Amino acid sequence: MAETQWHTMTIKLPMASEEHATIVKRVIDVDKELQSHVVKRTLTTEGNVLVATFKTLTVRLARLTLNSFLENVDLVVRTLSEFAEDAAQYKSLSKDSSNHEK
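Here the structure is a predicted model, which means the values were calculated and not measured. (Residues numbered from 1 in each chain as written. Predicted model: local features only at pLDDT ≥ 70, side-chain atom pairs only at ≥ 80, totals over all residues. Heavy atoms only, no water.)

> Describe the pattern of salt bridges, and please don't skip the residues or the numbers.
Going through the model one piece at a time under the given rule, you end up with 3 salt bridges. In this structure, D29 and K25 form a salt bridge, with 2.9 Å as the shortest nitrogen-oxygen distance. Here D29 and its partner K25 are both found in helix α1 (residues 18-29), 4 residues apart, which amounts to about one turn of the helix. Residues R78 and D74 are paired through a salt bridge, measuring 3.0 Å at the closest nitrogen-oxygen approach. Of this pair, R78 and D74 both sit in helix α2 (residues 59-101), separated by 4 residues, roughly a single helical turn. Note on D74: relative accessible area 39%, which makes it partly exposed. (Salt bridge = Lys/Arg side-chain N within 4 Å of Asp/Glu carboxyl O. Helix = DSSP H or I, 4+ residues; strand = E, 2+ residues; numbered from the N terminus. Buried < 20%, exposed > 50% of the residue type's maximum accessible area, 1.4 Å probe, protein only.)

In structure tokens:
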């Protein structure tokens, strides 16, 4: 029986900050690969860089997996750019108001 050959690809995506890279990783990590027997995904961060490594059984799956992953990253990054500053300000205001209550 022939040994299965996995196709491996790694993509490094710079983010605006280390915090953003971590947020993107955490958001995407929640959803596991639907076909985990033919697609393996590893996400890590290196400072402000999100590093994604994929192993797939076919080149077609590699293309589809990468396309889907990049769409998800795009959605998270657009959401961060829209709301992250407001969320940070709200978080800061919440801390300030709780300190004043003491």
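Still more to cover.
> I'd love a proper account of α1, names of residues and values included.
If you check α1, its first and last C-alpha atoms are 16 Å apart, about what 12 residues at 1.5 Å a residue would give, namely 16 Å. When α1 is considered as a whole, its buried residues turn out to be H20, A21, V24 and I28. When α1 is viewed along its axis, its buried side chains cluster within an angular range of 100 degrees and face the same direction. Of the exposed residues in α1, those oriented more than 90 degrees away from the buried face are E18, E19 and R26. (Expected span 1.5 Å × (residues − 1). Arc of directions from axis to C-beta.)

> Break down the sheet that holds strand β3 (residues 49-56) for me, with residues and values.
Read across the sheet, 3 strands follow the order β1-β3-β2 without closing on themselves; strand pairing throughout is antiparallel. Unpaired on one side and paired on the other, β1 (7-14) and β2 (39-46) mark the two borders of the sheet. Sheet twist, expressed as the average angle between the axes of neighbouring strands with direction ignored, equals 15 degrees. Packing of α1 onto the sheet brings it into contact with β2 and β3, and relative to β2 it is tilted by some 160 degrees. (Pairing = 2+ DSSP bridges. Axes fitted to C-alpha atoms, helices over the stretch in contact; angles between N-to-C directions. Contact = heavy atoms within 4.5 Å.)

Distances and angles like these do not, on their own, reveal function.
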